[in-house]
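# Results of the structural survey
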Amino acid sequence: MSTIGARTGFATTRGARSIAFFARDGREYAVIAAFLDDAVVVADVTAPAQPRLAAVVRNGQDGFRMLAGPTDVAIADLDGAPHALVTSLSGNGVQIIRLAQPTAPTPAGVAQDGRSGFDMLGGAHSVAIALIGGRTYAVVTAYVDGGLQLIDVTRPANPLAVAAVQLPGPQDVKVVVTLAAAGANAAAPGRGERVYALVAQYDLNAIAVVDITAPSAPVAVAAVAHGARGAATLEGAAALATFAVAGIEYALVAAEVSGGVQLLNVTDPRAPLPAGGARATSERFAMLRGAASVAVASVENCTLAIVGSYLGDGAQLLDLSAPGRLVELAQLGRDARSGPPMRGVVDVGVRKLDGGLHMFALGSSDAAVHVFALNASAACAHGALVGE
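We now turn to the structure provided with this report. (Residues numbered from 1 in each chain as written. Predicted model: local features only at pLDDT ≥ 70, side-chain atom pairs only at ≥ 80, totals over all residues. Heavy atoms only, no water.)

## Overview of the overall build of the protein
- Each helix and strand in the protein was counted, giving 1 helix and 28 strands.
- For 388 residues, the compact-globule estimate of 2.2 N^0.38 gives 21 Å, and the C-alpha radius of gyration of the protein, at 19 Å, lies within 12% of that figure.
- With the C-alpha coordinates of the protein rotated into their principal frame, the extents come out at 55 × 50 × 35 Å.
- Out of the 388 residues in the protein, the part that is buried amounts to 57%. (Helix = DSSP H or I, 4+ residues; strand = E, 2+ residues; numbered from the N terminus. Rg over C-alpha atoms; globule rule 2.2 N^0.38 Å. Buried < 20%, exposed > 50% of the residue type's maximum accessible area, 1.4 Å probe, protein only.)

## A look at unusual backbone geometry
- The backbone phi angle of Asp25 is positive, close to 55 degrees, even though this residue is not glycine.
- Of note, Asp25 is situated in the loop between β2 (16-24) and β3 (27-34).
- Classification of Asp25 as exposed rests on a relative accessible area of 71%.
- Here Ala246, not a glycine, exhibits a phi torsion of approximately 55 degrees, which is positive.
- In this fold, Ala246 is placed in the loop between β18 (237-245) and β19 (248-255).
- A residue is classified by how much of its surface remains accessible, and Ala246, at 79% relative accessible area, is exposed.

## Observations concerning the side chain of Ser88
- You can see Ser88 is positioned in strand β7 (residues 81-88).
- On the basis of relative accessibility, which here comes to 0%, the residue Ser88 falls in the buried class.
- In this structure the side chain of Ser88 is engaged in a polar contact, spanning 2.6 Å, whose partner is the backbone oxygen of Ala68.
- Contact partners of Ser88, with chain neighbours within four places excluded, come to Met66, Leu67, Ala68, Gly69, Pro70, Gly93 and Ala124. (Polar contact = N/O pair within 3.5 Å; in protein donor to acceptor, adjacent residues only side chain to side chain. Contact = heavy atoms within 4.5 Å.)

## What about the pattern of salt bridges?
- This structure, assessed with the given rule, holds 10 salt bridges.
- A salt bridge links Asp37 to Arg14; the shortest N-O distance between them is 2.7 Å. Taken together, the positions of Asp37 in the loop between β3 and β4 (39-44) and Arg14 in the loop between β1 (2-5) and β2 put the pair 23 residues apart, joining distant regions of the chain.
- Take Asp37: its relative accessible area is 17%, and that puts it in the buried class.
- Residues Arg194 and Asp211 are paired through a salt bridge, measuring 2.9 Å at the closest nitrogen-oxygen approach. Residue Arg194 is found in strand β15 (residues 194-201), and its partner Asp211 is found in strand β16 (residues 206-211); the two are separated by 17 residues along the sequence.
- For Arg194, a relative accessible area of 37% corresponds to the partly exposed category.
- Several salt bridges share partner residues, and in doing so they unite Arg27, Asp44 and Arg52 into one network. (Salt bridge = Lys/Arg side-chain N within 4 Å of Asp/Glu carboxyl O.)

Listed below in structure tokens is the structure:
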């Protein structure tokens, strides 16, 4: 459908690694971490067929000093405005960016390893947001230090080190809340609820669970390793997404080395249970080779997963409506039967825009973000999606 890249006026998307979305003043925006450019791009995607450049911020310019090798982005509403929290792998820290005016982002605060009490940000890799006790926390994985850092970002100009947990080889992280009342905010626990961080441990071929209900005293409470209890697809656990079907909470893990996805029942995060999975073969699930990222969305009567394939240069769509039976849907990419060329897909995102669902696939090797319109009805009927 469209492309965010050099040929469409975006000169700063080399090594695109992560994407997140926010709305402001009736318009929709995407925030993209450009690893090789040491930069973050803000794109206006209100009209996804014609994305427009809103702003670019670069490491070492205009007060931004923690954007060297940005790898992940999360959005939080702080001080009445959206903020982007960006992990800096090379800078060993987190840059907080105020997006009150999306066309003119400004630096807020910085968290840097070895300063102000931060001791677990070496190789900061991924970030998730948790709302606990009326305060906002960033949960950050540190690949080099091998652990998890909790940061109080309620006052974005002054992020505070809260606690850290040792966890070898962490990459992606997601936050889940248990015992939530119907309709409750999934990131804002109430009385009797507990908050957990699910961490993909690439080097250990595992998923770790950390109880962060008391942010100052996080506790690792469970883990599922490849080969244990029927978990057959966790080698190189790189990314995960959470979703619920019929009141049951699941995590879908993209396993890069296994070349597939592992489904876990995390209704009780203290006792995660393998619940099925899929691997790429010569005949099925071809775009799960080198599975490096995953996003999940509910569409009409089905739940869709989009898995980014780094080795397959594309994406695989799965129907998760009956989680015990993963159904193969469309494939997109160089080796698929249709769709534009993509190179080294490392992240995928999904957002409802212009009245329909849209997929964003980040090609780290072709310096572009590919935007596709998903036909929800066709997808739920095991159909396809259409072009760039």
